[in-house]
Amino acid sequence: MITSRRMAAVDLNAEALGVPRKQLMESSGNAVARACRDLADPGASVAVVAGRGNNGGDALAAARFLKAYDVTVHLLGRPETISTDIARENWDALVAGEADHRTVTDSAGFDLGDPDLVVDAMLGTGVTGALREPEATAARAINDSSATVLAVDVPSGVDADTGDAAGLAVDADRVVTFHDDKPGLGDLDCEVVVADIGIPEAAELFTGPGDLLALDRDAQSHKGDHGDVLVVGGGPYTGAPALAAQSALRAGADLARVACPEAVAREVQGYSENLIVRGFSGDRLAPEHVPDLLDFAADRDAVVFGPGLGDADESLAAVREFLAAYDGTAVVDADALQVVPDVDTEATLICTPHQGELRKMGGETDSDWEVRSDLVREFAADLGHTLLVKGAYDVVSDGDAVRVNRTGNPGMTVGGTGDVLAGATGALAALLAAEAFGGGLVATDLLERLPAALRGDEA
Ligand SMILES: NC(=O)C1=CN([C@@H]2O[C@H](COP(=O)(O)OP(=O)(O)OC[C@H]3O[C@@H](n4cnc5c(N)ncnc54)[C@H](O)[C@@H]3O)[C@@H](O)[C@H]2O)[C@@H](O)CC1
Ligand SMILES: [K+]
């Protein structure tokens, strides 16, 4: 089962793996033609009703595979308004190939005729709202005809994610949907066939450019919309919490705060004026600090626990107490990880161990990344928390889905990269909580850019 949002991500990932969208459209077209052959004998009359998006493009490609049939292609709208290059190229190929084609520029001009089979490719996952004209008239004609109706990807007018229609929708006999079943197709009264269109498995398993789609920023945003992250760490070390907090800002959080022992607070602040530093008494985290920290954390979108915290018994006891009482979102890293397996918490935890830390938590690992993926998924399910296990191939799992990140390079084993990852993860978790994303701009960037702005240079 795949949502249209995830499908768009997988599609971009496939492109990055060398399988472009046009190739997928060709496979989709081939799958639609196969379904036609299944539903009608050679020589039968087929009306292809195509919209101006990629759903239409799939059917325009299919028409080239149907030489044994009497095919008429109806394009809804003017060819100049076809919305994607790949769909337009398939239209141009039909015209150049002298296929029987018509363009329907107003609904009064639509004549479906009396075909044996209709291919409904007006709208797929790109539908918004109720069918407009001429799609609505065409849908009525399709529903009134006695033809068998094959819908491409989803019956036009139906939301593939919910199965709902904002008004009229095509009543299909069969749907050929691509790559994976869609949540909205289950409740429809028609047969659903899933066609493999050659999307590599790696496009789903490995993170790629498509996975960044979820991070698009809303241009109308305001300060505070983009997440407020609290890093709890420092004591034995000072660089780690500062790095994590700066990373949170660079990953798009609006505000990054560090709660650290007073003994090191000035030093942590000294790394960057972009950070808001709050000291607590003494030279390391202890249970007596927990009530205040809980209060402070309640107003933040996410907490990052661990960078530079050390493994003193009282610090680990404090982490345990904090997590037992906390019900927000927390990233747990470094020494703090070891308390996770035996803590009973309502919080949503994202744990970011390297393989040594994973073992210390009681998890197993393996040099083969595929075996490791299974182990990580099982352990995440046991823990009831999300794991991001660092390695040459990072494995991320919530106990159900698994994603593997194989980007990076051997230089990234240098100290501090783990703190940067924990901070960035905290920011993304906070932004997901706030459902908005920032651009990674920090106040000191503005200082650097001010002279150029005053000179009137282009940004
Ligand atoms: N990885 C993928 O996502 C793949 C998608 N493919 C196809 O691409 C389709 C999605 O293509 P698109 O994103 O171009 O979207 P669609 O082709 O579903 O619809 C977009 C077009 O519909 C118009 N439109 C939207 N709502 C309307 C309404 N209520 N009344 C009338 N017109 C309306 C838009 O103006 C636009 O021209 C899928 O359903 C599938 O058929 C396949 O080619 C294979 C791969
Ligand atoms: K359709």
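None of these values were measured; they are calculated from a predicted model.

Neighbouring ligand 1 are 24 residues; Asn54, Asp58, Gly124, Ala130 and Asp153 lie closest to it. Interatomic distance of 3.2 Å between a side-chain N/O atom of Asp11 and a nitrogen atom of ligand 1. Between ligand 1 and the protein, one listed contact pairs a nitrogen atom with a backbone N or O atom of Ala130 at 2.8 Å.

Moving on, we come to the sheet that holds strand 2 (residues 70-76). Spatially, the 7 strands line up as an open sheet ordered 3-2-1-4-5-6-7, and their pairing is parallel. This sheet does not close on itself; its edge strands, each paired only once, are strand 3 (101-104) and strand 7 (191-195). Each strand axis lies, on average, 20° off the axis of its neighbour in the sheet, ignoring direction. Across 4 bridges, the pairing between strand 4 (residues 117-121) and strand 5 (residues 148-152) is parallel.

Let us look at the sheet that holds strand 9 (residues 255-261). The strand order across the open sheet built from 9 strands is 10-9-8-11-12-13-14-15-16, with neighbouring strands paired in mixed fashion. Each edge of the sheet is formed by a strand with only one pairing partner; in this case those strands are strand 10 (276-280) and strand 16 (402-405). Along the sheet, successive strands turn relative to each other by an average axial angle of 20°, direction set aside. The pairing of strand 13 (residues 348-351) with strand 14 (residues 386-389) spans 2 bridges and is classified as parallel. Bridge pairing in strand 14 places Ile350 opposite Thr386. Here helix 7 (residues 239-250) sits on the sheet and contacts strand 8 (228-232) and strand 9; the angle it forms with strand 9, its principal contact strand, is near 170°. In this fold helix 10 (residues 313-325) packs onto strand 11 (302-305), strand 12 (329-332) and strand 13, with an angle of close to 160° to the strand it touches most, strand 11.

What follows is about the pattern of salt bridges. Applying the stated criterion across every chain, the model contains 18 salt bridges. Salt-bridge contacts for Arg88 lead to Asp85; the nearest nitrogen and oxygen are separated by 3.3 Å. Of this pair, Arg88 and Asp85 both sit in helix 4 (residues 85-96), 3 residues apart, which is roughly one turn of the helix. For Arg88, a relative accessible area of 27% corresponds to the partly exposed category. A salt bridge links Arg300 to Asp228, with the shortest nitrogen-to-oxygen separation between them at 3.0 Å.

Only Asn55 (OD1), Asp120 (O), Leu123 (O), Val152 (O), Val154 (O) and Ser156 (OG) from the protein coordinate the potassium ion (ligand 2), and they sit 2.6 to 3.1 Å from it. Coordination at the potassium ion (ligand 2) comes from 6 donor atoms whose angles at the metal span 68 to 175°, giving a geometry best classed as irregular. Summarised as a motif, the one-chain spacing of the donors to the potassium ion (ligand 2) is N-x64-D-x2-L-x28-V-x1-V-x1-S. One end of the pair, Asn55, is in helix 3 (residues 54-63); the other, Val152, is in strand 5, with 97 residues separating them in the sequence.

Burial along strand 12 is two-sided: Thr329 and Val331 and Ala330 and Val332, pointing in opposite directions, are all buried. Alignment of strand 11 against strand 12, held across 3 bridges, turns out to be parallel. Counted as the bridge partner of Val303 is Ala330 from strand 12. Direction of pairing for strand 12 relative to strand 13: parallel, over a ladder of 4 bridges. Bridging from a neighbouring strand, Val331 pairs with Ile350 of strand 13.

Remark: helix 2 (residues 21-39) packs on helix 3, axes separated minimally by 7 Å, with the N-to-C direction vectors making an angle of 60°. Compared by their axis directions, helix 2 and helix 3 come out oblique. Crossing hand, helix 2 versus helix 3: right-handed. Between helix 2, through Arg21, Met25, Glu26, Ser28, Gly29, Val32 and Ala33, and helix 3, the contact on the second element is made entirely by Asn54, Gly57, Asp58, Ala61 and Ala62.

Further remarks concern the UniProt feature "binding site: AMP" (unreviewed entry) in the chain. Following the UniProt record, the feature "binding site: AMP" (unreviewed entry) maps to Gly418 here. Tracing the sequence through the fold places Gly418 in helix 13 (residues 417-434). Judged by its relative accessible area of 18%, Gly418 is buried. When near neighbours in sequence (up to four residues on either side) are disregarded, Gly418 contacts Asp333 and Lys390.

Conventions we followed
- Residues numbered from 1 in each chain as written.
- Chains lettered and ligands numbered in written order.
- Predicted model: local features only at pLDDT ≥ 70, side-chain atom pairs only at ≥ 80, totals over all residues.
- Heavy atoms only, no water.
- Near = heavy atom within 4 Å.
- Polar contact = N/O pair within 3.5 Å; in protein donor to acceptor, adjacent residues only side chain to side chain.
- Pairing = 2+ DSSP bridges.
- Helix = DSSP H or I, 4+ residues; strand = E, 2+ residues; numbered from the N terminus.
- Axes fitted to C-alpha atoms, helices over the stretch in contact; angles between N-to-C directions.
- Contact = heavy atoms within 4.5 Å.
- Salt bridge = Lys/Arg side-chain N within 4 Å of Asp/Glu carboxyl O.
- Buried < 20%, exposed > 50% of the residue type's maximum accessible area, 1.4 Å probe, protein only.
- Donors = N, O, S within 2.8 Å, 3.2 Å for Na, K, Ca; no water.
- Tetrahedral: all angles 85-135°; square planar, octahedral: opposite > 155°, others 65-115°.
- Parallel < 35°, antiparallel > 145°, perpendicular 65-115°, else oblique.
- Left-handed = near helix turned anticlockwise from the far one by under 90°.
- UniProt positions renumbered as here; feature names shortened; annotations may be inferred.

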